[in-house]
Amino acid sequence: MTSNTAISEQAREILITNDRGGYTVPTAGLYPYQWNWDSAVAALGFAQFDVDRAWVEIETLFKGQWADGMVPHILFHKSDPGYFPGPDVWGCEGPIPSSGIIQPPIAATMARFVWEQDKGVGRERLAALYPKMVKWHNWIMRWRLHRGAVCTTHPWETGRDNAPDWDNTMARMDASDVGEYTRRDTAHVNSDDRPTKYDYDRYIKLVQMGRRLNWDQAAMLAESPFRVADPTMTFTTLRAARDLQVIGEALGEDTSGIAASIELLVTGAETLWNEELGGYDSRDVLSGEWAGCLSNASYLCWFAGVENAKMLARLRDVMTRVPYPVPSNDPNAESFDARRYWRGPTWAVVNLLIGIGLEDMGHKTEAKALADKTAGLIKEHGFAEYFDPMNGKAAGGGTFTWTAAVWLAWAGRD
Ligand code: GLC
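Here's what I pulled together on the structure shown here.

### So, the site of the ligand
Stage number 1. Around the ligand, the neighbouring residues are P26, Y31, W35, W37, D38, Q103, G159, D161, Y341, W342, F400 and W402.
Stage number 2. At 3.3 Å, a side-chain N or O of Y31 approaches an oxygen atom of the ligand.
Stage number 3. In the environment of the ligand, an oxygen atom lies 2.6 Å from a nitrogen or oxygen atom belonging to the side chain of D38.
Stage number 4. Protein contact buries 96% of the 310 Å² of open area that the ligand shows by itself.
Stage number 5. Assessed atom by atom at 2 Å from the grid points, the ligand resides in the largest cavity.
Stage number 6. Of the residues that constitute the shell around the ligand, the class distribution is 8 nonpolar, 2 polar and 2 charged.

Okay, here's the thing in structure tokens:
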């Protein structure tokens with residue numbers, strides 16, 4: 001079996017190979033641009049062997065920040081015909097061509113980790129980023145809140161594209177007039193591992209609507225059929241707020257606004273508790289309906305500093321039922337599909353976040369078990385985009401940046 005040292009070498013190689021000069025692509029071909037939360041995780045990976053390069057990754061991401069504070073989910077630094085929908089479809093006018101939506105705001109959390117690797121070198125870089133990170137946080141608090149929980153306005157914003165969480169909401173959308181378009185993702189990887197055409201029509205329909213409304217948040221709020229309060233956005237935003245508070249205090253800033261955010265988000269997180277499901281769930285803000293989904297995002301409560309004994313019991317249970325790390329959908333759910341993207345597969349990145357949370361909240365045994373399972377998965381099946389949770393088989397793209405970063409920063413650590 002390959003040694004951990006050799007695997008770490010491969011992981012560093014992946015980050016270096018996926019580096020496009022100041023930013024890292026998730027994987028060549030399938031994802032040829034800079035993705036927001038992938039990039040934050042890439043920074044964490046780089047921080048294990050090149051702290052300067054880690055800062056550059058986050059700094060490049062914030063170069064794409066819009067004047068109002070929004071930080072886009074994709075920055076199209078250099079046009080690439082191998083990806084759809086590209087900059088011409090989004091029609092956005094930020095400082096760098098981009099998409100018009102966000103992704104889970106984990107950049108502040110990762111910036112804190114990078115700073116903690118080397119506080120001397122990091123202070124100045126962190127101080128320059130801090131106001132930008134606060135501005136993005138405030139943007140989220142202004143435009144995405146419902147009863148204190150954070151909403152997503154597009155399945156892509158959560159990073160869990162085709163999760164069953166959105167099924168009810170998507171079913172109410174009419175995408176019959178979306179028109180002709182050519183997908184590029186299924187030219188790179190097996191279409192059974194990807195979202196369906198039904199899903200894609202709705203993703204594109206929402207992009208067309210955003211563009212027509214000039215990405216005006218107030219207009220989109222009034223018109224969009226898609227607005228779901230979800231555990232990914234809520235727990236990552238709450239976590240980011242806690243990290244911004246720590247960073248702000250270290251920099252001698254007034255953090256009272258952030259403290260108020262934390263208080264509000266803590267109450268918001270509890271509005272995602274679905275008693276019938278016995279877990280944190282997504283709720284459609286427009287219909288009031290629960291999604292009824294126990295996803296990997298349900299287990300991000302600890303990452304957000306939210307303790308929950310029932311979730312801990314659930315975690316222990318899923319970890320005995322599933323041989324590989326926490327899957328994106330519970331195998332007992334009717335919608336479970338072991339290979340299709342966010343409807344069942346295991347994603348190393350979400351397990352990293354769950355693991356960080358468990359560790360922080362003192363659940364050391366579970367944190368270690370999860371890290372060990374993730375290490376075993378990567379050792380056996382490589383740096384895939386995601387994995388079948390029942391047999392560990394690799395799925396989606398290969399030589400994936402965030403899977404390599406997860407190994408370096410967490411799973412493969414000594
Ligand atoms: C897919 C994933 C998303 C990720 C992106 C780039 O869209 O669902 O979470 O950020 O690919 O890796």
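That shown, we press on.
### A look at the environment of N308
Stage number 1. Checked against the element boundaries, N308 lands in the loop between β8 (283-284) and α13 (309-321).
Stage number 2. In this structure, the C-alpha to C-alpha distance between N308 and Y280, residues 28 residues apart in sequence, is 9.8 Å.
Stage number 3. Within the local environment of N308, its side chain forms a polar contact with the side chain of Y280, the two groups lying 3.2 Å apart.
Stage number 4. A distance of 2.9 Å separates a polar atom in the side chain of N308 from the backbone nitrogen of M311.

### Regarding unusual backbone geometry
Stage number 1. The amide bond that connects F84 to the next residue, P85, takes the cis arrangement and shows omega of 0°.
Stage number 2. Turning to its location among the elements, P85 is positioned in the loop between β2 (74-75) and α4 (87-90).
Stage number 3. Despite not being glycine, W215 shows a phi value in the positive range, around 55°.
Stage number 4. Tracing the backbone through its elements, the reader meets W215 in the loop between α9 (197-212) and α10 (217-223).

Calculation notes
- Residues numbered from 1 in each chain as written.
- Predicted model: local features only at pLDDT ≥ 70, side-chain atom pairs only at ≥ 80, totals over all residues.
- Heavy atoms only, no water.
- Near = heavy atom within 4 Å.
- Polar contact = N/O pair within 3.5 Å; in protein donor to acceptor, adjacent residues only side chain to side chain.
- Areas by Shrake-Rupley, 256 points an atom, 1.4 Å probe, with all protein chains shown as cover.
- 1 Å grid on protein atoms, 1.4 Å probe; cavity = no way out; pocket = protein on both sides within 12 Å on 5 of 7 lines; lining within 4 Å.
- Sits in = over half its atoms within 2 Å of the grid points.
- Nonpolar A, V, L, I, M, F, W, Y, C, P; charged D, E, K, R; others polar.
- Helix = DSSP H or I, 4+ residues; strand = E, 2+ residues; numbered from the N terminus.

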